[in-house]
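The primary structure of each chain is shown beneath.
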Amino acid sequence: MQLNRKNLIDLDELSADEITLILDSAAKFKEVLQRKIKKVPALRGVTIANVFYEPSTRTRMSFELAEKRLSADIINFSKATSSVKKGESLRDTLENIQAMKVDIVVMRHGSSGAHTFASEFLEAKIVNAGDGQHAHPTQALLDMMTLRERWGGFEGKRVTIIGDIMHSRVARSNIWGLTRMGALVTVCGPPTMMPTAIEKLGHGGVTVEYDLRKAIVDADAINILRIQLERQETKLFPSMREYFEVFGVTPDVLRDAPPDCIVMHPGPMNRGVEIAQEVADGPQAVILPQVENGVAVRMAVLFLLAGSAAESVEVEN
Amino acid sequence: MKDWKDKKEFWITGAKIADPAGGRIRAGSVCVRKGEIAEIAWQKQIDSDLPVFDAEGAVLAPGFIDVHAHLREPGFEDKETIETGTAAAAAGGYTAVLCMANTDPPVDDPSVVKYILRRAAEAGHCRVYVAGAVTKGLAGSDICEYRHLKEAGAVALSDDGRWVVNSRTMRSALEYARMLGLPVIAHCEDSFLAAGTQMNEGFTSTRLGLKGTPAASEEIAVSRDIMLAQLTGAHLHVAHVSTKGSVDLIRAAKRRGVRVTAEATPHHLALDETMLAGYDRSLKVNPPLRSREDVAALRAALKDGTIDCIATDHAPHSEIDKQVEFDLAPPGMTGLETAFALLHTELVLGGQFDMITLLSLLTAGPARALGLPGGTIAVGAPADLALIDPAMKWIPERGKMRSRSNNTPLLGRELTGRVLGIFLEGSWKPGNI
């Protein structure tokens, strides 16, 4: 089984069947991660380059682990220690990596559309580990996997995404993935962080709500985004303190949501800014399960994209 | 019949003469003598001893006049030179081009004006008019010596590429320019709202995760400049108008009697923001491609005279410049060689404009707007003419155009309507066929 795609750059074009295929495969790979020997030979002989132009803890380690668990050969590129310091362009960097015959490029880059640009000249398959403010498909997929484990399906489920929607690739990819599967999405945040015409995004659109309590009163899950100070040249909000008072998810705020509302956060967290300490560590939060699922989802994506390059999976029982 | 080439006096016969002043296209012939139009006859064939250039039914229009092009020399010769830029202009039907001041060094000193005019004369492909800078270094601070710039040959002033942010400076610039009879061409953009933006702010920019410029950014600047034009009585020319709101502001200002003229580009008239969905850098331009409503408003504004003319804003960039991540790519597209073809295909064949209206917007319109000579086919006028085959289909191809750069979204796109060549002061210059 495989995805009939060369690249995974955005979730907007994925069908419900494709998303289901990825989540089903991820569930199988999660079993591998429970074993003592966490390895399958599925991608033996496949070479993967992790090209990270932006800092990352979770995503990067998660991809590396996924690749190692699949027995792939990996090479790592980090902007800070590369010839980017000597002024080498993205195109030259990628073409040089390509010349070393890599099969898959997993890339994170600060420019929206960087992967679309790369696909103009790269023969290798491309997996988007985050581009600018545009997309972060594997994050949305692991968020969806975490929800599906608890719900079984998505139809009619209400998910509220809270925070700096304008600068969030996590929000955009979640909107595409969740609406495709029939969930109802609300976005909540200050007007200065709400992009124009966001209500039209996704399959069927989303609801925009500026009042936090109204936004979560019937939410089955909330996804709390980090306030991304490194993406803002100008202050879109007067202070962290004010953000916490208006949009911070505290235990008191959470009491307005249904009692079984699931609390998610893509990480890294600014404790005390967008999410209170007690909420992050509380019983409704699934933040660490999200991270665990991230490795499984990325194993699934890489395996399904590698297609003919992959050997068949031997799953021993 | 004698050969017409390099003769001082000859007839152009069998043409369809399109003179905007006459308002229609009529079969006829034109006699050229010593670089001037000596006679116009409303017959296809002429009984004469003079040599004959047979137009074979092609449309003969006044030579086009572009009041907004970046020839990039001095300083950016990797993108374009005056030689290649004017060659592209001639291939596109232009017998005159007004070039902008954001060169390196900028045209803030008379020596640069003279340099450009000399290089243009050496190239000899078309006439070049020069815009001097409004402020020194285009820094928006100190106004230049407009009198010296004018004496050296400048016919207008512009800091195009940038908006003069300081209103007091812009007021002084307009007042001083008024004294010298120089129009000020304004690139209207609120620098703060537009900082770091990549395309029009709207659903497409949200979907792509690109920072967008709201229409208000242009409208705020248009509004301010119109009020200063009103205050000072100077002639303001608004460059590359792109939004409905700007059109409304200019319309109201004209009604009040403010001395404002305006231009729109072929790309803003034919393309819109939705086409950027694949992060195509060849569509990245400033001001950005806008919404369909804005495009409709611009077209209506051309028809009712709110916008006086079409100007290309020809902005060449090299492959090295444009083959990068979207947010790193400089904005701009070439336009001199493709302007007529694009507008003819989209607006005339699209049924919204007739041919004579389009030609008027490329000739008489710009001449009138900025007080430049030309734009008509009249006895006594210089024989600056464009010969056009409106039915010829062609496809712009990388490396086959006269511009040094290939940054146009029209590569590989079939267009209908081609300039066969121009007469520059009676001298025939074949097009790029």
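The structure displayed is predicted, hence computed values, not measured ones.

### Description of the domain arrangement of chain A
It is common to give the size of an interface as the accessible area that goes away when the parts come together. All names here are of chain A. The domains assigned to chain A are domain 1 (16-135 + 294-309) and domain 2 (137-290). Taken over C-alpha atoms, the centre of domain 1 sits 25 Å from the centre of domain 2. Taken together, the 19 residues of domain 1 in the interface contact 18 residues of domain 2. Breaking the side of domain 1 that touches domain 2 down by element, the ones donating at least two residues are α1 (16-34), β4 (125-131) and α11 (287-306). Looking at which element gives the most residues to the side of domain 1 that touches domain 2, the answer is α1, with five residues. Its residues placed into classes, the side of domain 1 that touches domain 2 shows nine nonpolar, seven polar and three charged.

### Re the interface of chain B and chain A
On the side of chain A, 21 residues touch chain B, which itself brings 18 residues to the contact. The element that contributes the greatest number of residues to the side of chain B that touches chain A is helix α6 (residues 203-208) of chain B, accounting for four residues. The residue makeup of the side of chain B that touches chain A, split by class, is seven nonpolar, seven polar and four charged.

### What to know about the nonpolar core
Ile104, Val105 and Leu302 of chain A together with Leu60, Ala131, Leu157 and Val184 of chain B are the most contacted members of the largest nonpolar core, which has 241 residues in total. Looking at this core, the element that brings in the most residues is α11 of chain A, giving 11 residues. Here Leu60 of chain B is in contact with Ile12, Ala15, Lys16, Ile17, Ala18, Val30, Ala55, Leu385 and Leu387 of chain B, once residues within four sequence places are set aside.

### Some remarks on the domain arrangement of chain B
Residue and element names in this part refer to chain B. The domain boundaries assigned to chain B delineate domain 1 (9-60 + 382-430) and domain 2 (63-370). Distance from the C-alpha centre of domain 1 to the C-alpha centre of domain 2: 26 Å. On the side of domain 2, 41 residues touch domain 1, which itself brings 29 residues to the contact. Breaking the side of domain 1 that touches domain 2 down by element, the ones donating at least two residues are β2 (24-33), β16 (385-394) and β17 (415-424). Class assignment of the residues belonging to the side of domain 1 that touches domain 2 gives a composition of 16 nonpolar, seven polar and six charged.

### Overview of the environment of Ser111 of chain A
Checked against the element boundaries, Ser111 of chain A lands in the loop between β3 (104-109) and α4 (114-118). For the pair Ser111 of chain A and Tyr53 of chain A, spaced 58 residues apart in sequence, the C-alpha to C-alpha distance is 9.6 Å. Once residues within four sequence positions are removed from consideration, Ser111 of chain A is found in contact with Asp131 and Gly132 of chain A together with Glu325, Phe326, Asp327 and Leu328 of chain B.

### Looking at the environment of His167 of chain A
All names here are of chain A. When you line up the elements, His167 lands in the loop between β5 (158-162) and α6 (169-180). C-beta crowding within 10 Å serves as the criterion here: with 23 such atoms nearby, His167 is assigned to the buried category. Along the chain, His167 and Thr250 lie 83 residues apart, while their C-alpha atoms are 23 Å from each other.

### Description of the sheet that holds strand β1 (residues 47-52) of chain A
Residue and element names in this part refer to chain A. Read across the open sheet, the four strands follow the order β2-β1-β3-β4; overall the sheet is parallel. Looking at strand neighbours, the two that pair on one side only are β2 (73-78) and β4, the edges of this open sheet. Going across the sheet, the axis of each strand differs from the next one's by a mean of 15°, ignoring polarity. Relative to β2, β1 is paired through six bridges, and the arrangement is parallel. Note on β2: the bridge partner recorded for Val51 is Phe77. Helix α2 (residues 58-69) contacts β1, β2, β3 and β4 of the sheet and is inclined by roughly 175° relative to β1.

### Observations regarding α6 of chain A
Residue and element names in this part refer to chain A. The end-to-end C-alpha separation of α6 is 17 Å, in line with the 16 Å expected for 12 residues at 1.5 Å each. Of the residues making up α6, those classed as buried are Arg169, Val170, Ala171, Arg172, Ser173, Asn174, Ile175, Trp176, Gly177, Leu178, Thr179 and Arg180. For α6, the secondary structure elements touched by its buried residues are α1, β4, α5 (137-151), β5, β6 (184-188) and β8 (221-224). Just beyond α6, the residue with positive phi is Gly182, at close to 95°.

Parameters and conventions
Each chain carries its own residue numbering, running from 1 in the written order of its sequence. A letter from A marks each chain and a number from 1 marks each ligand, given out in the order of writing. Predicted model: local features are reported for residues with pLDDT of at least 70 only, side-chain atom pairs are reported and counted for 80 or more only, and whole-chain, interface and lining totals are derived from all residues. Domain ranges listed in this record stem from an automatic or a database domain assignment. Working definition of a contact: two residues with C-beta atoms, positioned from the backbone, lying within 7 Å. To qualify as a helix, a DSSP run of H or I must reach at least 4 residues; to qualify as a strand, a run of E must reach at least 2; elements of each kind are numbered from the N terminus. Three residue categories are used. Nonpolar comprises Ala, Val, Leu, Ile, Met, Phe, Trp, Tyr, Cys and Pro, charged comprises Asp, Glu, Lys and Arg, and polar comprises the others, including Gly. Here a nonpolar core is just a set of buried residues of the types Ala, Val, Leu, Ile, Met, Phe, Trp, Tyr and Cys, joined wherever their C-beta atoms sit within 7 Å. A residue is called partly exposed when the number of other C-beta atoms within 10 Å of its own lies between 12 and 20, exposed at 12 or fewer, and buried at 20 or more, with C-beta atoms placed from the backbone. The pairing criterion is simple: DSSP has to find at least two bridges between the two strands. Here the axes come from fitting lines to C-alpha atoms, over the contacting stretch only for helices, and the angles between their N-to-C directions go from 0 to 180 degrees. Expected span of a helix, by definition, is 1.5 Å for each gap between consecutive residues, and there is one gap fewer than residues.

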